[in-house]
Each structure stands twice: as C-alpha cells, then as structure tokens.
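Commentary on secondary and tertiary structure
Listed here are the chains, written in short residue letters.
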Amino acid sequence: MILDILTYPDPRLKQMSAPISEITDQVRALSQDMFETMYASNGVGLAAPQVGHFVRMIVMCPLNEKGKESHAPRALINPQLTLLGDEIVSPKEGCLSVPYNYRADIARVSRVACSALDLDGNSVDEEFVDYCAIVLQHECDHLDGKLFIDRISYLRRSLYDAKVKKCRSRKNCE
Ligand code: NI
C-alpha cells in the first residue's frame, strides 16, 4: 500500500522517533508499504516518520549515477551511525518531505559505520561509503526529527521558508 508522505512544514516531521522493541508482522508490513511508497515516488530512501509512523526504521535503495542499484534494497531497524571518513559535500540533496523540489548542497561524511537490526531481528554491522553513506545519514536524520533544510545556512533557509509560505498561500507552485 502506498502511504501518504508528510511534507514540510508539518510539525510531526520534527518528532523524535522511538526505538522498535519487537519486530512484529506489523513492523514488517510497514516496511513493505515504505518500500512501495519509496519506489512510487522514485525515492532512494524513506524513514518511517515520513509516513507518520514515529519508529526508528528506514528503507533504502541507493542508485548509482547510471540509475542502477548500487546496493540491495534494505530495511534497517534502530540504526545507529558512527560518522567516519572525510567531510564531503552531498550535492543537491533533496527529500520527499521537502516540497517544491528544493535541493541544496549539504555537508556530510564519506563513510559511516551502521549497527542496526534487519527484519528478521539479525544484527547488521556494516560500513557504507559515498552515496550510500549520504543516504543513510539523511534517513537517520529523519528519525531524530531533522530534515536536510535544518543543515543549510540561515539565509538559504529564510529564502526557502519564504517560498514555501508564498506557494502555500497560492496553493500551487513549482
Ligand atoms: Ni528525506
């Protein structure tokens, strides 16, 4: 089932999500719906709070520049990241929850160590690099109520907020 995606400035996107204590059929069903929703929107990652479930689960399917999968699609539960590697710029980052196709360059790191659980409750301890590392940092931010626009300069944010306000009052905008 394709779920509705919450979009900024919905205040629920600022909510901190809770750890998943037990991987039930309900959790597995939610992950399936999240995959479906992500693919339907041509996204490369989706976090549960974006679809109104404030639990710590993400799905991701990063693509390489040629549009091919660079990593198997996966669901990660209670992911914990350790930031490693160099600081890099994630060019033109976007988000399904950030409307009007807004994009910005965001400072990220090139490598992260992730410990999480998979849908069978097995531990996942893995390092991710480059684009996958960026997607993972972006999705884990959602679990802490953070969007990439919380990482841009005050000036850029003010300009974007003004645009959102204008677009919302007109009820359509691109
Ligand atoms: Ni996002």
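The protein chain carries the name Peptide deformylase in an unreviewed UniProt entry, which gives Candidatus Desulfovibrio kirbyi as its organism. Its UniProt record gives the protein chain a comment under Catalytic activity (unreviewed entry), which states: "N-terminal N-formyl-L-methionyl-[peptide] + H2O = N-terminal L-methionyl-[peptide] + formate".

1. Section: the coordination of the nickel ion
Bound to the nickel ion are the protein donor atoms C95 (SG), H138 (NE2) and H142 (NE2), situated 2.0 to 2.3 Å from the metal. All donors of the nickel ion come from a single chain, and their spacing in sequence reads C-x42-H-x3-H. Of the two residues, C95 is situated in the loop between β3 (74-93) and β4 (104-117) and H138 in helix α2 (residues 130-143); the sequence distance between them amounts to 43 residues. Accessibility classification places C95 together with H138 in one group, the buried group.

2. Let's talk about the sheet that holds strand β1 (residues 45-47)
Pairing is antiparallel across the open sheet formed by five strands, whose spatial order is β1-β2-β3-β4-β5. Edge positions in the sheet fall to β1 and β5 (123-129), since each has one partner strand and no second. Each neighbouring strand pair of the sheet contributes to a mean axis angle of 30 degrees, computed without reference to strand direction. In this sheet, β4 lies alongside β3 in antiparallel orientation, the contact comprising 11 bridges. Looking at the pairing, L83 lines up with V112 of β4. Helix α1 (residues 25-40) rests against β1, β2 (57-60) and β3 of the sheet, and its axis sits at about 40 degrees to β2. Relative to β4, α2 is tilted by about 85 degrees, and along the sheet it contacts β1, β2, β3, β4 and β5.

3. Describing the packing of aromatic side chains
Under the criterion given, the structure shown has four aromatic pairs. An angle of 25 degrees between the planes, with centres 6.1 Å apart, marks the rings of Y8 and Y160 as stacked. Here Y8 is found in the segment before α1, whereas its partner Y160 is found in helix α3 (residues 154-170), with 152 residues between them in sequence. Y160 gets classed as buried once you look at its relative accessible area, which sits at 2%. Centroid distance Y102 to F148: 6.2 Å. Interplanar angle 10 degrees. Geometry classified as stacked. One end of the pair, Y102, is in the loop between β3 and β4; the other, F148, is in the loop between α2 and α3, with 46 residues separating them in the sequence. For the pair formed by Y102 and F148, the shared burial category is buried. These aromatic residues form a ring-pair network of at least three members: Y8, Y102, F148 and Y160.

Each value, and the rule that gives it
Residues numbered from 1 in each chain as written. Predicted model: local features only at pLDDT ≥ 70, side-chain atom pairs only at ≥ 80, totals over all residues. Heavy atoms only, no water. UniProt positions renumbered as here; feature names shortened; annotations may be inferred. Donors = N, O, S within 2.8 Å, 3.2 Å for Na, K, Ca; no water. Helix = DSSP H or I, 4+ residues; strand = E, 2+ residues; numbered from the N terminus. Buried < 20%, exposed > 50% of the residue type's maximum accessible area, 1.4 Å probe, protein only. Pairing = 2+ DSSP bridges. Axes fitted to C-alpha atoms, helices over the stretch in contact; angles between N-to-C directions. Contact = heavy atoms within 4.5 Å. Phe/Tyr/Trp six-rings, centres within 6.5 Å; stacked < 30°, edge-to-face > 60°.

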